[in-house]
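# Overview (structure and organization)
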Amino acid sequence: MSSNSSRTPSPTSKTPISTFIIPTPASEDHITRYKEIRLASLLTNPEAFGSRYGSENNGGSESALTFAQWEERVNTPGRSIFAAVPASGPSASLSPSPSPSPSPPPQQATISLNGVHSEPQWAGTLSLLSPAMLAGIPKGLSDPMHVAYPPEIAEAERRGDAEIWMLVGMWVRPGYRGQSVGRILIERAFEFVRQDEGIAEREGDKEKGARKRKDKIVMLRVISSNASAVRLYEKAGFRRTPIDDAELEEGQSPGQSWMSIKLFSK
Ligand SMILES: CC(C)(COP(=O)(O)OP(=O)(O)OC[C@H]1O[C@@H](n2cnc3c(N)ncnc32)[C@H](O)[C@@H]1OP(=O)(O)O)[C@@H](O)C(=O)NCCC(=O)NCCS
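We now turn to the structure provided with this report. Computed from a predicted model, the values in this text were never measured in an experiment.

## Quick notes on unusual backbone geometry
Looking along the chain, the bond that leaves threonine 24 and enters proline 25 is cis, with omega of -5 degrees. Mapped onto the elements, proline 25 comes out in the loop between strand E1 (17-21) and helix H1 (28-44). Of note in this structure, serine 180 is not a glycine but carries a positive phi near 75 degrees. Examined against the element boundaries, serine 180 turns out to sit in the loop between strand E6 (162-172) and helix H5 (181-195).

Quick look at the structure:
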C-alpha cells in the first residue's frame, strides 16, 4: 500500500489556486521551480513514480541532471508542464481563473532564487505528453505493441480513430493536498487536450478534405495500491485496466494499472 493512501487532513480553508502551462522557451525561474518541485516529488513519494531521485534505475537519477538537461526537458516539444500556483505566488497572473476562496494560503513555503526568499513554491504539477511526442518515443513504455495497453485503445489508435495523450508526473505538495489541486490540474490538462487541433491539422494534412475527427484518449499509469491517486483519477472520469505483471518490462514495479478517459473535440 502506498504511503499516501491516507488523507492529509484538510485545512479549514482552501488555498486559492491558479494554474498555468510553463511557456517555452522556459525562463530560468520556471526551470528552477520545475526542478525543485519535481525533485521534491521524487523525494517525498518515491513509491509513486518510475523515476528515482538519487539512484540509478529505469528512469535514471534525476538529482544528477544538469541545468541544461532540465532546460531540455521543460522545453521538449509536445511536453506540456502544468503548474498549480498559490494565488499569491509567482506566475499566478498567467491564469485568469483562481478558485474563488478569499482565504489566505495555509502555508507560504519559500524558494531561494538568486538569494531571494520570498515567493511561495508551486503547489503541484503534472505533465502531458502529446500524441506527436509519444509517436517519437522509442518503442517501450508508451508503445501499445509492447505493454499491456488496453487492447481496444491500441486497436483504435492503429485504425487511426484515436490519438493518445499521456499524463505523467502528477504531484501535489503535502501541505496543499485535499484541496482539489490535483483535480484542478487534471481539468486544466483536459481543457488543453480538448482545444488541441489534432495531429492531421498540425501537419497540414488537409488534402483529404474534411479532417477525420479522432477520439482523444488520455492515458496514465498508476500503481494500483496508490488509493488516493486512483480515486482522484476515477473521480475525474478515468477507468482502470490492471496490467498483467507478466507484461511489465524489466525493472518496472508490479501491481500497476493503465487508466484512460476518452475526450471529444469541441
Ligand atoms: C494523488 C494526489 C495527486 C492527490 O492530489 P490532491 O490535490 O490531494 O487531490 P484532490 O484534493 O484534488 O482530490 C480530488 C479527489 O481525489 C480523491 N482523493 C485525493 N486524495 C485522496 C486520499 N488521500 N484518499 C482518498 N481519496 C483521495 C478524492 O476522491 C477527491 O475528491 P473529494 O475531495 O471530492 O473527496 C496527491 O495525493 C499526491 O501528490 N500524491 C503523491 C504523488 C502521487 O501519488 N502521484 C500520482 C502518480 S500516478
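## Structural notes on the site of the ligand
Taken together, 22 residues lie around the ligand, and Ala48, Arg177, Gly182, Ser228 and Leu232 are the ones closest in. Where the shell around the ligand is concerned, the elements lending two or more residues are E6, H5 and helix H7 (227-235). Tallying contributions element by element places H7 first for the shell around the ligand, with six residues. Its residues assigned to classes, the shell around the ligand comprises nine nonpolar, eight polar and five charged.

## Some thoughts on the nonpolar core
Membership of the largest hydrophobic core comes to 40 residues, with the highest contact counts inside it found for Ala84, Ala123, Trp165, Leu167, Val181, Leu185 and Ala189. When residues of this core are traced back to their parent elements, those giving at least two are H1, strand E2 (79-86), strand E5 (124-129), E6, H5, strand E7 (215-223), H7 and strand E9 (256-263). The element that contributes the greatest number of residues to this core is E6, accounting for seven residues.

## Some points on the environment of proline 174
Mapping proline 174 onto the fold places it in the loop between E6 and H5. Distance in space between the C-alpha atoms of proline 174 and serine 41 is 9.6 Å, their sequence separation being 133 residues.

## Topic: H5
In this model, H5 (15 residues) spans 21 Å end to end at C-alpha, consistent with the 21 Å of a helix rising 1.5 Å per residue. Considered for burial, the residues of H5 that qualify are Val181, Gly182, Ile184, Leu185, Ile186, Arg188, Ala189 and Val193.

## Quick word on the sheet that holds E9
Ordered in space as E1-E2-E5-E6-E7-E9-E8, the seven strands form an open sheet in which the pairing is mixed. Strands with a single pairing partner mark the edges of an open sheet, and in this sheet they are E1 and strand E8 (239-242). Ignoring strand direction, the axes of neighbouring strands in this sheet form an average angle of 25 degrees. Pairing of E5 with E6, which is carried by five bridges, proceeds in the antiparallel orientation. Each residue of the ladder has a partner; that of serine 127, found in E6, is valine 168.

## Things to note about the environment of threonine 24
Relative to the helices and strands, threonine 24 resides in the loop between E1 and H1. Residue classification places threonine 24 among the partly exposed residues on the basis of 15 C-beta atoms within 10 Å. Separated by 56 residues in the primary sequence, threonine 24 and serine 80 place their C-alpha atoms 9.3 Å from one another.

## Examining the environment of tyrosine 34
When you line up the elements, tyrosine 34 lands in helix H1. The spatial distance from the C-alpha of tyrosine 34 to the C-alpha of valine 74 is 8.0 Å, given a sequence separation of 40 residues. Excluding residues that lie within four positions of it along the chain, tyrosine 34 makes contacts with Ile22, Trp70, Val74 and Ile81.

## Considerations on the packing of H1 against helix H2 (residues 67-75)
For the pair H1 and H2, the least separation of the axes is 10 Å and the interaxial angle reads 95 degrees. For the element pair H1 / H2, the angle class is roughly perpendicular. Residue-level inspection shows His30, Ile31, Tyr34 and Lys35 of H1 in contact with H2, the latter providing Trp70, Glu71 and Val74. Residue composition of the contact of H1 with H2, by class: four nonpolar, one polar and two charged.

Calculation criteria
- Residues numbered from 1 in each chain as written.
- Predicted model: local features only at pLDDT ≥ 70, side-chain atom pairs only at ≥ 80, totals over all residues.
- Helix = DSSP H or I, 4+ residues; strand = E, 2+ residues; numbered from the N terminus.
- Near = placed C-beta within 6 Å.
- Nonpolar A, V, L, I, M, F, W, Y, C, P; charged D, E, K, R; others polar.
- Core = buried A, V, L, I, M, F, W, Y, C linked by C-beta atoms within 7 Å.
- Buried ≥ 20, exposed ≤ 12 C-beta atoms within 10 Å, placed from the backbone.
- Expected span 1.5 Å × (residues − 1).
- Pairing = 2+ DSSP bridges.
- Axes fitted to C-alpha atoms, helices over the stretch in contact; angles between N-to-C directions.
- Contact = placed C-beta atoms within 7 Å.
- Parallel < 35°, antiparallel > 145°, perpendicular 65-115°, else oblique.

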